[in-house]
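So the chains spell out like this:
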Amino acid sequence: MKVQQISIFIENKSGRLAEVARVLGEKGVNIRALSLADTSDFGILRLIVDNTDVAKDILKASGFTVSKTEVVAVEVPDQPGGLSSILGVLDEAKVNVEYMYAFVERNAGNAVIIFRFDETDDAIKVLQQKGISILPGDHIYGL
Amino acid sequence: MSQLSHKIWDPLHECLNRSDLERLQLERLRTTLDRVANVPCYQEKFQQAGVSVNDIHTLDDLAKLPFTTKEDLRLNYPYGMFAVPMRDVVRIHSSSGTTGKPTVVGYTRKDLDDWSGLVARFMTAAGVVADDIVHIAFGYGLFTGAFGLHYGAELIGSAVIPMSGGNTERQIMILKDYGATALVCTPSYALTLADRIERMGHDPRTYLSLKVGLFGGEPWSEGLRREIEERLNIIATDNYGLSEIVGPGVAGECLCKNGMHIFEDHFLPEIINPETGEVLPPGEKGELVLTNIVQEAIPLIRYRTRDITRLHYDQCECGRTLVRMDKTMGRSDDMLIIKGVNVFPTQIEEVLFQVEGCEPHYQLVIEREGTLDTLEVQVEVNENIFFDEMRKQRAFVESLEKRLATNIGLHAKVKLVEPSAITRHEGKANRIIDRRKG
């Protein structure tokens, strides 16, 4: 039920994002989703790709600091109130969200929200109990 | 790890009792002064100070003589300070000389033999024996480091690999294939080697046959020692020297690792207040001043090393009676003064090492905004200090800033940078960028 995500430390200076994309593209790694959190000095780039381990190795070999984390992908109907209902559930169960980001699925037209939780397993239980659709890793990697 | 040898290379001179040592020192000092009396620079200096070599009757009288500085060597560039004719000189070396003219030193045949013996002393003290294979990764050239260690190791009877600097992957191949048991390089390069071995997919603790490392050429902290010892699974020892005074071979650690024994039968050490020049009592921290009492070609009298240290006269467990000097704690001339606070880069290094997983790859950038100095500590991020969550990453930066403020008494901004963002030379790491000048 979990999705593998890689996080990359990048300095806040021109060309670093492009370098990550270039390195991955050259080795045929496809990016499925991404988000960037930044400060004035540095950023943390989070990626979901079609081959996590290969991407991690390539980036490390290119001199980047990389870590692997587990996130949860939730499918939300692409309509008003879709996100709100899910956040309501999490809030009620006192599940803490570290961060989240979203994208729209190409074929189904649904929105996919990637969550990073403090307690991933507990969060999955809560979502399942409420009948919220969790997308397995393979589904996301193969999008 | 196999047991290292506790042998003493020259017990006669390394274990003298102090009264015999002082008698020998005084005799050698007077002989040296007679010889430098012919060097115009010294004639002039002594005359200006109103002293004559005939005024020197005891070791304490040394304080009556004027200091010699790097500036004197520059003014007398290249050979003006030599005390022997060029006919007797068989070797020239010089400092790296990043600013202005380099300083030039010479050696007679006897000087080279003496030098080899001095290096053999500290290499033996670090446990190096005839069975060892010694890999020397200092650059061979005008700089004294590589040749000094080379001669010392050969005198001991070790097998010397004169690798020289550069090409890290090739260094690792030769270290591995030739089975080196002792490594000679700068401490920062030892870490570069460990990094590269890891990146090649091997465990640096077991990949090589190294037992001991003899590191020098730049100041390094106890934290860096622990890091090197742990990551390469070796004993890391320090030694001290400067090209103006023989090169490596002025002092070196024994396996007790509680200070570097100064070879006092060759060098008279004094500790002075760098501001006033006043000689400080034993145990006080100050600038090390050395007088070379054996060298023939260019014996320097009361040479100001600019290195800050402290001397310990209590006897070491190893049996040597020679005084021990602490690791150098920075230099009296490149000590950083930031917002009026004296800061030694090694203090900052110690703070970084206290943080779990923090590697020593760091750089200090000092700038002046208006009239205010700012200090930025750039730290290379590795997997141990990289967090996926921004909240934790920022908390890490803040805790580092807090520790630095407590330890150096100054607010420093911590900036995380990508690995390898800080330029590493194959030799010395350039840890300080001071943009205030000019």
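On a predicted model such as this, the values are computed, not experimentally measured, just so you know.

Asker: What is the right way to read the pattern of salt bridges from this model?
Answerer: Residue and element names in this part refer to chain B. Inspection of every chain in the model, using the stated rule, returns 40 salt bridges over all chains. The salt bridge partner of Arg23 is Asp20, with a shortest N-O separation of 3.3 Å. Remark: Asp20 and Arg23 occur in helix 2 (residues 18-36); sequence separation between them is 3 residues, near one turn of the helix. Take Arg23: its relative accessible area is 55%, and that puts it in the exposed class.

Asker: Is there a simple way to explain the environment of Glu264(B) in this structure?
Answerer: Residues and elements named next belong to chain B. When you line up the elements, Glu264 lands in the loop between strand 9 (260-262) and strand 10 (267-272). For Glu264, a relative accessible area of 2% corresponds to the buried category. Among all residues touching Glu264, those that are not within four sequence positions of it are Arg18, Leu21, Gln25, Pro269, Ile293, Tyr313, Thr321, Leu322 and Val323.

Asker: When you look at the domain arrangement of chain A in this model, what are you seeing that I'm missing?
Answerer: For interface size, the figure often reported is the accessible area lost on association. All names here are of chain A. By the assigned domains, chain A splits into domain 1 (3-70) and domain 2 (71-134). Listed by partner, the interface residues are 10 residues for domain 1 and 8 residues for domain 2. In total, domain 1 and domain 2 occlude about 820 Å² of area from one another, counting both sides; carbon and sulfur atoms represent 54% of this. Across the domain 1-domain 2 interface, the total number found is 0 salt bridges.

Asker: How should the pairing of strand 5 (residues 182-185) of chain B be read in this particular structure?
Answerer: Remember that side chains alternate between the two faces of the sheet whenever the strand is regular. All names here are of chain B. Neither face of strand 5 is open: one carries Ala182 and Val184, the other Leu183 and Cys185, and all of them are buried. Here strand 3 (residues 133-136) pairs with strand 5 via 3 bridges, running parallel. The partner of His135 across the bridge, within strand 5, is Leu183. Two strands pair when backbone bridges link them, and strand 5 and strand 6 (residues 212-215) are joined in this way by 4 bridges, in the parallel orientation. If you follow Val184 over to strand 6, its bridge partner there is Leu214.

Reading the values: rules and limits
- Residues numbered from 1 in each chain as written.
- Chains lettered and ligands numbered in written order.
- Predicted model: local features only at pLDDT ≥ 70, side-chain atom pairs only at ≥ 80, totals over all residues.
- Heavy atoms only, no water.
- Salt bridge = Lys/Arg side-chain N within 4 Å of Asp/Glu carboxyl O.
- Helix = DSSP H or I, 4+ residues; strand = E, 2+ residues; numbered from the N terminus.
- Buried < 20%, exposed > 50% of the residue type's maximum accessible area, 1.4 Å probe, protein only.
- Contact = heavy atoms within 4.5 Å.
- Domains from an automatic or database assignment.
- Buried area = accessible area lost by both parts, 1.4 Å probe.
- Pairing = 2+ DSSP bridges.

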